[in-house]
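A closer look at the structure
In case you want the letters, here they are:
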Amino acid sequence: QVLLVESGGGLVQAGGSLRLSCTASGRTFVSYSMGWFRQSPGKERDFVAVISKRSDNTYYTDSVKGRFTISRDNAKNTLYLQMNSLKPEDTAVYFCAARQAMSILPSAYDYWGQGTQVTVSS
């Protein structure tokens, strides 16, 4: 099966930036739409952003619009999430996920990474 590995998380001050990466292996990366999700302790896993196979379409949850940018480099089998103007409420474990067609529903995704912690201090 396809393996997804996130990296780039860490501790930043409010207003700072991070770039998360998700590297895929096992199957053709371009065959998948890719999404970012996040989960805080005691809460459900929430949609953050999704990108189509050829980067022709993206969609974001309202709370990150204008601050986060999802992108992908199919030649490198890598998905990115550029996170700017970070807020304490962005603190969560961030997961990347893959499925054939775009979706905002965590239950729709076939493959998941292990997650990377993002902590935004105030």
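Keep in mind it's a predicted model, so treat the numbers as computed, not measured.

Further remarks concern the overall build of the chain. Counting its regular elements, the chain contains zero helices and eleven strands. In sequence order, the secondary structure elements of the chain are arranged as β-β-β-β-β-β-β-β-β-β-β. In summary, the chain has a C-alpha radius of gyration of 13 Å against a globular reference of 14 Å for 122 residues, a match within 12%. By its C-alpha atoms, the chain is 40 × 25 × 25 Å across when sized along the principal axes. Sorting the 122 residues of the chain into buried and exposed places 42% on the buried side. Sequence-distant contacts in the chain: of pairs separated by 6 or more residues, those separated by 24 or more amount to 58%. Here the chain has roughly 6100 Å² of accessible surface; of this, 46% comes from carbon and sulfur atoms. Distance between charge centroids for the chain: 5 Å, based on 13 positive and 9 negative side chains.

Within the structure shown, the criterion is met by seven aromatic pairs. Between F95 and W112, the aromatic rings sit 6.4 Å apart at their centres with planes inclined by 80 degrees, giving edge-to-face as the arrangement. Highlighted residues: F95 in strand β9 (residues 92-99) and W112 in strand β10 (residues 111-112), separated in sequence by 17 residues. Note on F95: relative accessible area 9%, which makes it buried. One aromatic cluster is present, built from ring pairs that chain together F37, F47, Y59, F95, Y109 and W112.

On the surface, a cluster of nonpolar side chains totalling about 290 Å² of accessible area is made up of Y59, I104 and L105. Secondary-structure assignment places I104 in the loop between β9 and β10. Exposure remark for I104: the relative accessible area of 42% places this residue in the partly exposed category.

A separate point is the pattern of salt bridges. Under the defined criterion, the tally for this structure stands at three salt bridges. Among the ionic contacts, a cluster of salt bridges with common partners joins R38, R67 and D90.

A word on the nonpolar core. If you look at the biggest cluster of nonpolar residues, it comprises 29 residues, and the most contacted ones within it are L4, M34, W36, L79, L81 and Y94. For this core, the secondary-structure elements that each account for two or more residues are β3 (18-25), β4 (33-39), β5 (46-51), β7 (68-73), β8 (78-83), β9 and β11 (116-121). Residues contacting M34, with those up to four places away along its chain left out, are L4, C22, F29, A49, V50, I51, I70, R72, L79, A97 and A98.

Within the element layout of this structure, S33 appears in strand β4. Look at S33 and you get buried, because its relative accessible area is 2%. At 3.4 Å, the side chain of S33 forms a polar contact with the backbone oxygen of Q100. With sequence-adjacent residues up to four places away left out, S33 is seen in contact with I51, S52, K53, R72, A97, A98, R99, Q100, A101, M102 and Y109.

About the criteria used
- Residues numbered from 1 in each chain as written.
- Predicted model: local features only at pLDDT ≥ 70, side-chain atom pairs only at ≥ 80, totals over all residues.
- Heavy atoms only, no water.
- Helix = DSSP H or I, 4+ residues; strand = E, 2+ residues; numbered from the N terminus.
- Rg over C-alpha atoms; globule rule 2.2 N^0.38 Å.
- Buried < 20%, exposed > 50% of the residue type's maximum accessible area, 1.4 Å probe, protein only.
- Contact = heavy atoms within 4.5 Å.
- Areas by Shrake-Rupley, 256 points an atom, 1.4 Å probe, with all protein chains shown as cover.
- Lys, Arg positive; Asp, Glu negative; His and termini not counted.
- Charge placed at Lys NZ, Arg CZ, Asp CG, Glu CD.
- Phe/Tyr/Trp six-rings, centres within 6.5 Å; stacked < 30°, edge-to-face > 60°.
- Patch = residues over 30% accessible without salt bridge, like charges linked within 9 Å, V, L, I, M, F, W, Y side chains within 5 Å.
- Salt bridge = Lys/Arg side-chain N within 4 Å of Asp/Glu carboxyl O.
- Core = buried A, V, L, I, M, F, W, Y, C linked by side-chain atoms within 4.5 Å.
- Polar contact = N/O pair within 3.5 Å; in protein donor to acceptor, adjacent residues only side chain to side chain.

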